[in-house]
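As a plain string of letters, each chain reads:
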Amino acid sequence: QHNVLAAGEGLSLEGEHLNVAKISQSGKKQRKNWNVMWSVLTPGQLRFYKEKQETPLKPGSKTDVVQLCGAVIAWTTDKSSRKNVFQVTTNTGSEYLLQTDSYSSADKWYNGIRKAIDNSTKL
Ligand code: I3P
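First, a word on scope: everything that follows refers to the structure included in this document. (Residues numbered from 1 in each chain as written. Predicted model: local features only at pLDDT ≥ 70, side-chain atom pairs only at ≥ 80, totals over all residues. Heavy atoms only, no water.)

1. Describing the pattern of salt bridges
Line of reasoning, step 1. Within the structure shown, the criterion is met by 3 salt bridges.
Line of reasoning, step 2. We note a salt bridge from K108 to E16, for which the minimum N-O separation is 3.0 Å. Of this pair, K108 sits in helix 1 (residues 103-121) while E16 sits in strand 1 (residues 13-25), and the two are 92 residues apart along the sequence.
Line of reasoning, step 3. For E16, a relative accessible area of 18% translates into the label buried.
Line of reasoning, step 4. With its nearest N and O atoms 3.9 Å apart, the salt bridge here joins D118 to R114. Taken together, the residues span about one helical turn, with D118 and R114 both in helix 1 at a distance of 4 residues. (Salt bridge = Lys/Arg side-chain N within 4 Å of Asp/Glu carboxyl O. Helix = DSSP H or I, 4+ residues; strand = E, 2+ residues; numbered from the N terminus. Buried < 20%, exposed > 50% of the residue type's maximum accessible area, 1.4 Å probe, protein only.)

Below, the structure written as structure tokens:
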């Protein structure tokens, strides 16, 4: 069965500040440290920029590129005292918590990332 989606439909979200904590890198636990990141969702990737106008390939860039193929997303209430927190786990074992105080915004990002994962994971 084919899941018909127009190219890119519902798979991109441009530009919003989200609170992001990377809690594991390649399966290794990291100290939780929330940062405000300018977040951009493209069909197969979630990118976090330190600055809104940051150029992706700038030397010393703090940009983090999360590959969504094979990733898993889930709401979580036990990994943070904050509200509206969800976790993205990559297929290489990196774990990110994402959060924003606005439920509608968190839900929009959750659903956008979930669709992007589904779309980049299917063969
Ligand atoms: C952490 C910091 C985080 C908090 C975390 C604390 O302390 O306060 O904001 O996570 O709680 O350990 P520190 O800055 O000293 O590392 P939340 O805001 O998500 O609750 P945790 O240990 O329960 O994860």
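This is not the end of the story, as more comes after the structure.
2. Some thoughts on the environment of K52
Line of reasoning, step 1. With respect to the helices and strands, K52 occurs in the loop between strand 4 (45-49) and strand 5 (64-67).
Line of reasoning, step 2. For the pair formed by K52 and W38, sequence separation is 14 residues and the distance between their alpha carbons is 5.6 Å.

3. A few points about unusual backbone geometry
When glycine is set aside, most residues are seen to have a negative phi, and most peptide bonds are trans.
Line of reasoning, step 1. The phi dihedral of S26 is positive, around 50°, even though this residue is not glycine.
Line of reasoning, step 2. Of the residues examined, S26 reaches a relative accessible area of 52% and is grouped as exposed.
Line of reasoning, step 3. In this structure, N84 is a non-glycine residue whose phi angle is positive, near 60°.
Line of reasoning, step 4. One can find N84 in the loop between strand 6 (72-75) and strand 7 (85-89).

4. Re the site of the ligand
Line of reasoning, step 1. The immediate surroundings of the ligand are formed by R31, K32, W34, S80, S81 and R82.
Line of reasoning, step 2. Here an oxygen atom of the ligand sits 2.5 Å away from a polar atom, N or O, in the side chain of K32.
Line of reasoning, step 3. Within the side chain of S80, a nitrogen or oxygen atom sits 2.5 Å from an oxygen atom of the ligand.
Line of reasoning, step 4. About the coverage of the ligand: the protein hides 45% of its 500 Å² of free accessible area.
Line of reasoning, step 5. For the shell around the ligand, a count of residues per class yields 1 nonpolar, 2 polar and 3 charged. (Near = heavy atom within 4 Å. Polar contact = N/O pair within 3.5 Å; in protein donor to acceptor, adjacent residues only side chain to side chain. Areas by Shrake-Rupley, 256 points an atom, 1.4 Å probe, with all protein chains shown as cover. Nonpolar A, V, L, I, M, F, W, Y, C, P; charged D, E, K, R; others polar.)

5. Description of the packing of aromatic side chains
Line of reasoning, step 1. Applying the stated criterion to the full structure yields 5 aromatic pairs.
Line of reasoning, step 2. Ring plane angle 15° and centroid distance 4.7 Å describe the contact between W75 and Y110, whose orientation is recorded as stacked. Residue W75 is located in strand 6, and its partner Y110 is located in helix 1; the two are separated by 35 residues in the primary sequence.
Line of reasoning, step 3. Under the relative-accessibility criterion, W75 is labelled partly exposed at 35%. (Phe/Tyr/Trp six-rings, centres within 6.5 Å; stacked < 30°, edge-to-face > 60°.)

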